[in-house]
Amino acid sequence: MNEREGFLDKLRVMATCAVIMLHTMTGVMDSVDMSLYPEEKKVFLAGMDLVCWCVPVFLVISGYLFLTPRRQISLGKMLTVYCRRIALALFLFGVPYGCLEMIAAEGDFRLGMPGEAFLMVLRGESWSHMWYLYLILLLYAVTPLLKRGLGAIPRWAVYIALLLLFLGCSVLPYLHELSGREEGFALPGDGIYFFYYICGYLFATRERGRLERMAGKGILPCLTLLLCVGMAASRLWGGYTLQMAYNYPFTVLLALLLFAWKAGAEERQASPFWRQAVALSFTVYLIHPVFLNMAYKFFHVTPLSGAASLSRLMPASLSMGILLLVFFAGTAILSLSAAWILYRI
């Protein structure tokens, strides 16, 4: 353990909780005609804006740990240790998830289903949240080459490359969406994942003192809070409905501000509580959709189920927020319990 891991542990746990809340909302929006719930949709959009930083922060953490020059990792070790772990998680969880999807669709179990589910994982057709593991596999595989490139160019060139990625993969697509144009020059939106990963390198190799001063004076917390308030207000009262993936410019800014804030206010030693929470966080990420799918697809219960009755007692936006928190808390508790059992096994 080194002095950086205190804040990294907290960020990992925070991001895992944000992922659960994100999937609590997207699981409903992907299966329900939200035009029938205009007020509730505003809450969903605002909530998604406030938690979509989770995946970007995970990527920045990975870049922070793997791209730092102080850590030497060969391609062989990256493939045989880190990539192998991700591949194991893909098949260990992806195959059962594929079987569950086929059982739900056909109403019965066949002996050939595990083999078909195995092929589904190879094709990237498992449950939607597993896409992150495919992304991490790619980033891990190119890490040794990327480290060589970053070590061979000056720091200002890294900033220019990141600026071009941000403009081409985030800002230009956003402007095209905002103007309603379907075509226009822009880089592929998936390039933003390399942007986040390389940002981790910049944070890992930064000069100490600047972020600490900005965090200590409250500059970074205030900027983060102002951005969150502005994003939520635009959804709740501004009628703003544009949606993008993780290349949404405001999501990019929020993720970097949160990481910079926690890095500037870092703790020099990770507590046992946060270490244990981090030990369970990856498993929580992998299994939490099981409980959401059970509620939404098997029991047909969603946060919208009680929205009508609760909205008679309070504003629709407030009632929707409460119901989302209830579903989030239930999913988090069940996922944590299951992860703890698997961890003990």
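Structure's up top.
Read on for a plain summary of the structure.

Rules of the game
- Residues numbered from 1 in each chain as written.
- Predicted model: local features only at pLDDT ≥ 70, side-chain atom pairs only at ≥ 80, totals over all residues.
- Heavy atoms only, no water.
- Helix = DSSP H or I, 4+ residues; strand = E, 2+ residues; numbered from the N terminus.
- Rg over C-alpha atoms; globule rule 2.2 N^0.38 Å.
- Buried < 20%, exposed > 50% of the residue type's maximum accessible area, 1.4 Å probe, protein only.
- Contact = heavy atoms within 4.5 Å.
- Lys, Arg positive; Asp, Glu negative; His and termini not counted.
- Charge placed at Lys NZ, Arg CZ, Asp CG, Glu CD.
- Core = buried A, V, L, I, M, F, W, Y, C linked by side-chain atoms within 4.5 Å.
- Salt bridge = Lys/Arg side-chain N within 4 Å of Asp/Glu carboxyl O.
- Patch = residues over 30% accessible without salt bridge, like charges linked within 9 Å, V, L, I, M, F, W, Y side chains within 5 Å.
- Areas by Shrake-Rupley, 256 points an atom, 1.4 Å probe, with all protein chains shown as cover.
- Phe/Tyr/Trp six-rings, centres within 6.5 Å; stacked < 30°, edge-to-face > 60°.
- Lys NZ or Arg CZ within 6 Å of the ring centre and 35° of its normal.
- Axes fitted to C-alpha atoms, helices over the stretch in contact; angles between N-to-C directions.
- Parallel < 35°, antiparallel > 145°, perpendicular 65-115°, else oblique.
- Left-handed = near helix turned anticlockwise from the far one by under 90°.
- Nonpolar A, V, L, I, M, F, W, Y, C, P; charged D, E, K, R; others polar.

1. Observations concerning the overall build of the chain
If you tally the helices and strands in the chain, you get 14 helices and 0 strands. The C-alpha atoms of the chain give a radius of gyration of 21 Å, which matches the 20 Å a tight globule of 345 residues would have. For the chain, the proportion of its 345 residues judged to be buried stands at 48%. Counted over contacts in the chain with a minimum sequence separation of 6, partners at least 24 positions apart contribute 80%. Counting 28 positive and 21 negative side-chain charges, the chain places the centres of these two groups 13 Å from one another.

2. Some remarks on the nonpolar core
Counting residues in hydrophobic clusters, the biggest one holds 110 residues, and the most contacted among them are Phe44, Leu59, Tyr132, Leu133, Tyr140, Phe195 and Phe259. The element that contributes the greatest number of residues to this core is helix 1 (residues 5-29), accounting for 12 residues.

3. Describing the pattern of salt bridges
Scanning the model with the defined rule gives 7 salt bridges in all. Residue Arg235 is joined to Asp49 by a salt bridge in which the shortest nitrogen-to-oxygen separation is 2.6 Å. Here the residue Arg235 occupies a position in helix 10 (residues 219-236), and Asp49 occupies one in helix 2 (residues 38-51), the gap between them amounting to 186 residues. Asp49 matches Arg235 in its accessibility class, with the two residues each being buried. With a closest N to O distance of 2.9 Å, Arg110 and Glu106 form a salt bridge. Look at Glu106 and you get partly exposed, because its relative accessible area is 45%. Residues joined in a network through salt bridges with shared partners are Glu106, Arg110 and Glu116.

4. Notes on a nonpolar patch on the surface
A contiguous nonpolar patch, built from Leu100, Ile103, Phe109 and Leu111 and spanning about 410 Å² of accessible area, is present on the exposed surface. Residue position: Leu111 is located in the loop between helix 4 (75-106) and helix 5 (113-122). Residue classification places Leu111 among the exposed positions, given a relative accessible area of 81%.

5. Describing the side chain of Ser170
Within the secondary structure layout, Ser170 lies in helix 7 (residues 155-179). On the basis of relative accessibility, which here comes to 0%, the residue Ser170 falls in the buried class. Ignoring any residue separated from it by four or fewer positions in sequence, one finds Ser170 in contact with Leu165, Ile192, Met244, Asn247, Tyr248, Pro249 and Val252.

6. Focus on the packing of aromatic side chains
Applying the stated rule across the entire model yields 23 aromatic pairs. A centroid spacing of 5.8 Å and a plane angle of 70° characterise the contact between Phe195 and Tyr196, whose relative ring orientation is edge-to-face. Between the aromatic rings of Phe298 and Phe299, the centroid separation amounts to 4.9 Å while the plane-to-plane angle is 85°, which identifies the pairing as edge-to-face. Across the pair, Phe299 and Phe298 agree in class, each one exposed. By way of ring pairs, the aromatic residues Phe58, Trp131, Tyr132, Tyr193, Tyr246 and Tyr285 are connected into one cluster. A cation over a ring is seen here: Arg71 above Phe66, with NZ or CZ 4.8 Å from the ring centre.

7. Examining the packing of helix 2 against helix 14 (residues 316-344)
It is at 9 Å that the axes of helix 2 and helix 14 come closest, and there the two elements cross at 50°. The orientation of helix 2 relative to helix 14 falls into the category oblique. Seen from above, helix 2 lies across helix 14 with right-handed handedness. Counted together, Glu39, Glu40, Val43 and Phe44 of helix 2 and Ala316, Ser317, Met320, Gly321 and Leu324 of helix 14 form the full contact between these two elements. Along the lines of polarity and charge, the residues of the contact of helix 2 with helix 14 split into 5 nonpolar, 2 polar and 2 charged.

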